[in-house]
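The lines below spell out each chain.
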Amino acid sequence: MNHHCILVGAPVDSGQSNPGCLMGPASYRVAGLAETLTDLGCTVDDRGDVAPRAPAPVSSRNPAVHHLPETVEWTKALASAGEAAMAAGFPIFLGGDHSLSLGSVAGVAAHARQQQRPLFVLWLDAHSDFHTPMTTSSGNLHGTPMAYIAGLGEFEAFPPFPDPVPTDRICLFGIRSVDTDERKALHAHGITPVDMRELDERGFVAPLCGFLDQVRAANGLLHVSLDVDFLDPSIAPAVGTTVPGGATFREAHLVMEMLHESQLVSSLDLVELNPFLDERGRTAQLMVDLTASLMGRKVFDRVNRTN
Ligand SMILES: NC(=[NH2+])NCCC[C@H](N)C(=O)O
Ligand SMILES: [Mn+2]
Ligand SMILES: [Mn+2]
């Protein structure tokens with residue numbers, strides 16, 4: 001794991017209809033993300049916020065889709081910022097709604113291809129985000145990045161995804177809200193999300209270890225996309241698409257601690273934080289603390305523990 005962290009601000013608000021995610025990067029900075037990482041022994045390069053180019057007038061064949069031109073420009077800008085950040089260290093994309101991952105993961109994938117390393121994606125989310133611009137009925141493009149990353153479906157004005165991630169290298173984890181068309185597409189492509197029901201039955205450790213073993217065996221790069229709504233709304237209220245029954249405080253930290261111990265993670269998205277909906281900054285703070293666990297914060301060193 002590379003401990004030179006590159007903070008890439010991605011104040012994307014165009015992928016959904018609940019304004020406020022554009023304040024996410026500022027909120028993480030106020031919550032002390034850079035200082036927290038520095039205290040953990042990381043070096044930090046905050047590159048500020050990415051600025052997309054002026055959008056060209058493109059429209060979707062699906063009349064429900066909104067802010068397509070803006071989201072296309074964010075995708076291009078974040079793909080190039082992401083590729084550059086991967087070459088320099090460990091990128092942390094500060095969102096911004098989840099449509100930012102159309103670009104962040106495209107940049108990461110371009111880097112992985114250059115390095116000739118297979119890319120794996122861990123999607124920590126209540127939602128599968130497996131729509132395409134053709135199937136979404138909300139028209140919110142934050143519901144589409146997973147299909148784009150897998151190279152499936154029609155993405156109109158978006159640049160083709162650089163090196164689509166095969167579906168067996170994708171792990172959708174914590175899922176508890178899937179639309180009918182997404183369900184059909186997931187089924188058609190043989191993807192079985194690790195949903196909350198499975199996590200209830202098997203616990204968090206076994207399914208996560210299984211996926212990490214796969215990454216390790218392939219000497220892969222691992223991108224983690226952490227959507228605030230992966231967490232239970234009772235601990236993380238600052239998100240526009242709350243779904244009850246999410247990960248608890250300890251379950252979420254356990255995932256992050258295990259990811260740290262695996263030493264496999266090479267890039268991270270923090271997405272969907274809407275500070276306008278937060279309560280005294282508690283969701284931003286929790287996301288910073290989860291990032292700290294991912295980067296190695298622990299109470300005790302467990303290496304030599306026998307019980
Ligand atoms: N990244 C997210 N929070 N996505 C929520 C998507 C919700 C719903 N499936 C939709 O497409 O509108
Ligand atoms: Mn999402
Ligand atoms: Mn979500």
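Residues numbered from 1 in each chain as written. Chains lettered and ligands numbered in written order. Predicted model: local features only at pLDDT ≥ 70, side-chain atom pairs only at ≥ 80, totals over all residues. Heavy atoms only, no water.

Caption draft 1: Highlighting the coordination of the manganese ion (ligand 2). The protein atoms that coordinate the manganese ion (ligand 2) are His98 (ND1), Asp125 (OD), Asp129 (OD) and Asp227 (OD), at distances of 2.0 to 2.2 Å. Coordination of the manganese ion (ligand 2) draws on donor residues from a single chain, spaced H-x26-D-x3-D-x97-D in sequence. The distance between the manganese ion (ligand 2) and the manganese ion (ligand 3) is 3.2 Å, with Asp125 acting as a donor to both metals. A residue pair is termed long-range when its members are at least 10 positions apart, and His98 in the loop between β3 (90–95) and α4 (100–115) and Asp129 in the loop between β4 (119–124) and α5 (145–149) qualify at 31 residues. Of the two residues examined, His98 and Asp129, each falls in the buried class. (Donors = N, O, S within 2.8 Å, 3.2 Å for Na, K, Ca; no water. Helix = DSSP H or I, 4+ residues; strand = E, 2+ residues; numbered from the N terminus. Buried < 20%, exposed > 50% of the residue type's maximum accessible area, 1.4 Å probe, protein only.)

Caption draft 2: The site of ligand 1, seen in detail. Close to ligand 1 lie His98, His127, Asp129, His131, Ser138, His142, Asp179, Glu182, Asp227, Asp229, Thr241 and Glu272. Within the contact set of ligand 1, a nitrogen atom lies 3.3 Å away from a backbone nitrogen or oxygen of His142. Here a nitrogen atom of ligand 1 and a side-chain polar atom of Asp227 are 3.4 Å apart. Protein chains shield 92% of the accessible area of ligand 1, which is 350 Å² for the free molecule. For the shell around ligand 1, the class distribution of residues is no nonpolar, six polar and six charged. (Near = heavy atom within 4 Å. Polar contact = N/O pair within 3.5 Å; in protein donor to acceptor, adjacent residues only side chain to side chain. Areas by Shrake-Rupley, 256 points an atom, 1.4 Å probe, with all protein chains shown as cover. Nonpolar A, V, L, I, M, F, W, Y, C, P; charged D, E, K, R; others polar.)

Caption draft 3: Structural context of the packing of aromatic side chains. Counted by the stated rule, this structure contains seven aromatic pairs. Ring geometry for Tyr148 and Phe161: centres 5.3 Å apart, planes at 85°, overall edge-to-face. Taken as a pair, Tyr148 in helix α5 and Phe161 in the loop between α5 and β5 (170–175) lie far apart in primary sequence, 13 residues in all. Residue Phe161 is classed as buried on the basis of its relative accessible area of 8%. (Phe/Tyr/Trp six-rings, centres within 6.5 Å; stacked < 30°, edge-to-face > 60°.)

Caption draft 4: Examining unusual backbone geometry more closely. Across the junction of Gly95 and Gly96, the peptide omega takes the value 10°, indicating a cis bond. You will see that His67, though not glycine, has its phi angle at about 55°, which is positive. Topologically, His67 is positioned in the loop between β2 (43–49) and α3 (68–88). At Gln263, a position not held by glycine, the phi torsion is positive, near 60°. Counting through the fold element by element, Gln263 comes out in the loop between α9 (249–262) and β8 (265–271).

Caption draft 5: Summary view of the environment of Thr144. Tracing the backbone through its elements, the reader meets Thr144 in the loop between β4 and α5. Note on Thr144: relative accessible area 0%, which makes it buried. C-alpha separation for the pair Thr144 and Val30, spaced 114 residues apart in sequence, amounts to 29 Å. Beyond its immediate chain neighbours, meaning those up to four positions away, Thr144 contacts Leu102, Asp129, His131, Thr132, Pro133 and Phe155. (Contact = heavy atoms within 4.5 Å.)

Caption draft 6: Representation of the sheet that holds strand β6 (residues 194–195) in the model. One open sheet accounts for eight strands, arranged β2-β1-β3-β8-β7-β4-β5-β6; its pairing is parallel. Edge positions in the sheet fall to β2 and β6, since each has one partner strand and no second. Where strand β7 (residues 221–227) lies against β8, six bridges are found, and the strand directions are parallel. Bridging from a neighbouring strand, Leu226 pairs with Leu270 of β8. Across the face of the sheet, α4 comes into contact with β1 (4–10), β3, β4, β7 and β8 while running at roughly 170° to β8. Across the sheet, helix α10 (residues 282–294) is in contact with β3, β7 and β8; its angle to β8 comes to roughly 175°. (Pairing = 2+ DSSP bridges. Axes fitted to C-alpha atoms, helices over the stretch in contact; angles between N-to-C directions.)

Caption draft 7: Structural view of the layout of surface pockets. Here the largest pocket is characterised by a volume of approximately 360 Å³. In this structure, the largest pocket is lined by 14 residues; those nearest its centre are Arg250, Glu257, Arg297, Lys298 and Val299. When residues in the lining of the largest pocket are grouped by element, the largest group, seven residues, is from α9. Of the residues that constitute the lining of the largest pocket, the class distribution is five nonpolar, two polar and seven charged. (1 Å grid on protein atoms, 1.4 Å probe; cavity = no way out; pocket = protein on both sides within 12 Å on 5 of 7 lines; lining within 4 Å. Points joined across faces, edges and corners; volume = space filled by probe spheres on them.)

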